[in-house]
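Structural characterization, general
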Amino acid sequence: MQIELGGASGVSQAIERYGQPREVHVTYLVGDDTFAYWQDVTSGRLSEVVPVLERSDHHYVVHTKAHYPVGTFRLLTGGVEPGEDLIHALCRETREETGLDVDIERFMGIVHHHFRRDEDQLDFVSFVFLVSQNEGQLVPEDEDEGICEFREVVANELLTEASQMEALTGQWADWGRFRATVHRLVWEELDHQNG
């Protein structure tokens, strides 16, 4: 087993099978609290999968959790365990968060996140895939995920969600900037695909 980008395995095989993703690098200047949070996260995992779940007629699933700022919805995500096969992680996390089995349509993007505090930097990777529902009902399988509501949105609403997250303040400001990055990439890719 070859460990590749973001601590995952099978990245090159995923590219061969599902297409060359768009790659972007984003640097965030963060404070001590956010840096400490990412130190904790990256001590256990270095990447996540982002299943962009298309339900019907170019509508995509977003979700919220009870502890999020009111009205904040975002794309699904889930952590990749160290050494875990990327496609296995994608299917596992999608099923845990939605209860659905999905078909993988396209490898949309790889986002390299760089969290910088003074001279220190931590890196994290988001692997973004377009997936479509195969079978099942949209109900979280893992209650620990804390998902309390799903919505279906069109591509342009992902851009609206990104702007709302970027406008968050206080303890949510850094989180909002981080989460908005993938939404903007997905919107651009879907706009290109559907346009």
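See above for the structure.
To start, this report covers the structure provided alongside it.

Rules of the game
Residues numbered from 1 in each chain as written. Predicted model: local features only at pLDDT ≥ 70, side-chain atom pairs only at ≥ 80, totals over all residues. Heavy atoms only, no water. Buried < 20%, exposed > 50% of the residue type's maximum accessible area, 1.4 Å probe, protein only. Helix = DSSP H or I, 4+ residues; strand = E, 2+ residues; numbered from the N terminus. Arc of directions from axis to C-beta. Phe/Tyr/Trp six-rings, centres within 6.5 Å; stacked < 30°, edge-to-face > 60°. Lys NZ or Arg CZ within 6 Å of the ring centre and 35° of its normal. Core = buried A, V, L, I, M, F, W, Y, C linked by side-chain atoms within 4.5 Å. Contact = heavy atoms within 4.5 Å. Polar contact = N/O pair within 3.5 Å; in protein donor to acceptor, adjacent residues only side chain to side chain. Expected span 1.5 Å × (residues − 1). Salt bridge = Lys/Arg side-chain N within 4 Å of Asp/Glu carboxyl O.

1. Quick word on helix 2 (residues 32–42)
Of the residues making up helix 2, those classed as buried are Thr-34, Phe-35, Trp-38, Val-41 and Thr-42. Buried positions in helix 2, seen along its axis, are confined to an arc of 120° and lie on one side of it. Facing away from the buried side of helix 2, by more than 90 degrees, are the exposed residues Asp-32, Asp-33 and Asp-40.

2. Let's talk about the packing of aromatic side chains
Inspection of every chain in the model, using the stated rule, returns 13 aromatic pairs. Ring geometry for Tyr-28 against Phe-115: centres 5.0 Å apart, planes inclined by 15°, an arrangement best described as stacked. Within this pair, whereas Tyr-28 is found in strand 1 (residues 22–29), its partner Phe-115 is found in strand 6 (residues 101–117), the two being separated by 87 residues in sequence. Relative to Trp-175, the ring of Tyr-68 lies with its centre 5.0 Å away and its plane at 50°, an arrangement referred to as tilted. Note that Tyr-68 is positioned in the loop between strand 3 (60–65) and strand 4 (74–75) and Trp-175 in helix 5 (residues 173–194), a separation of 107 residues in sequence. Across from the ring centre of Phe-73, 4.3 Å away, lies the NZ or CZ of Arg-151, which sits over that ring.

3. Thoughts on the nonpolar core
Counting residues in hydrophobic clusters, the biggest one holds 25 residues, and the most contacted among them are Leu-53, Leu-86, Ile-104, Phe-107, Phe-127, Phe-129 and Val-131. Secondary structure elements with two or more residues in this core: helix 1 (11–18), strand 2 (47–54), helix 3 (86–98), strand 6, strand 7 (120–135) and strand 8 (147–153). Non-local contacts of Leu-86, meaning those with residues more than four positions away in its chain, are made with Ser-9, Gly-10, Val-11, Ala-14, Val-49, Val-80, Phe-107, Phe-127 and Phe-129. Grouped together as the second largest cluster of nonpolar side chains are 18 residues, Leu-75, Val-111, Val-128 and Val-186 included.

4. Structural notes on the environment of Arg-116
With respect to the element layout, Arg-116 can be found in strand 6. Overall, Arg-116 belongs to the partly exposed group, its relative accessible area being 34%. With 62 residues separating them in the primary sequence, Arg-116 and Glu-54 have C-alpha atoms 34 Å apart. At 2.6 Å, the side chain of Arg-116 forms a polar contact with the side chain of Gln-121.

5. Here's the deal with helix 4 (residues 155–166)
With 12 residues, helix 4 extends 17 Å from end C-alpha to end C-alpha; this agrees with the ideal 16 Å at 1.5 Å per step. For helix 4, the full list of buried residues reads Ala-155, Leu-158, Glu-161, Ala-162 and Met-165. One side of helix 4 holds all its buried residues, which, seen down the axis, span an arc of 105°.

6. A word on the side chain of Glu-189
Following the sequence through the fold, Glu-189 ends up in helix 5. Using a relative accessible area of 14% as the deciding quantity, one classes Glu-189 as buried. Side chain to side chain, Glu-189 and Arg-106 meet in a polar contact 3.3 Å long. Those residues in contact with Glu-189 that sit more than four places away from it in its chain are Arg-22, Arg-106 and Met-108.

7. Observations regarding the pattern of salt bridges
For the structure shown, the criterion picks out 15 salt bridges. Between Glu-48 and Arg-179 there is a salt bridge, and its shortest N-O distance comes to 3.0 Å. Taken as a pair, Glu-48 in strand 2 and Arg-179 in helix 5 lie far apart in primary sequence, 131 residues in all. Judged by relative accessible area, Glu-48 falls into the buried class, the value being 2%. Here Arg-179 falls in the buried class, since its relative accessible area comes to 11%. Residues participating in the shared-partner salt-bridge network are Arg-22, Arg-106, Glu-188 and Glu-189.

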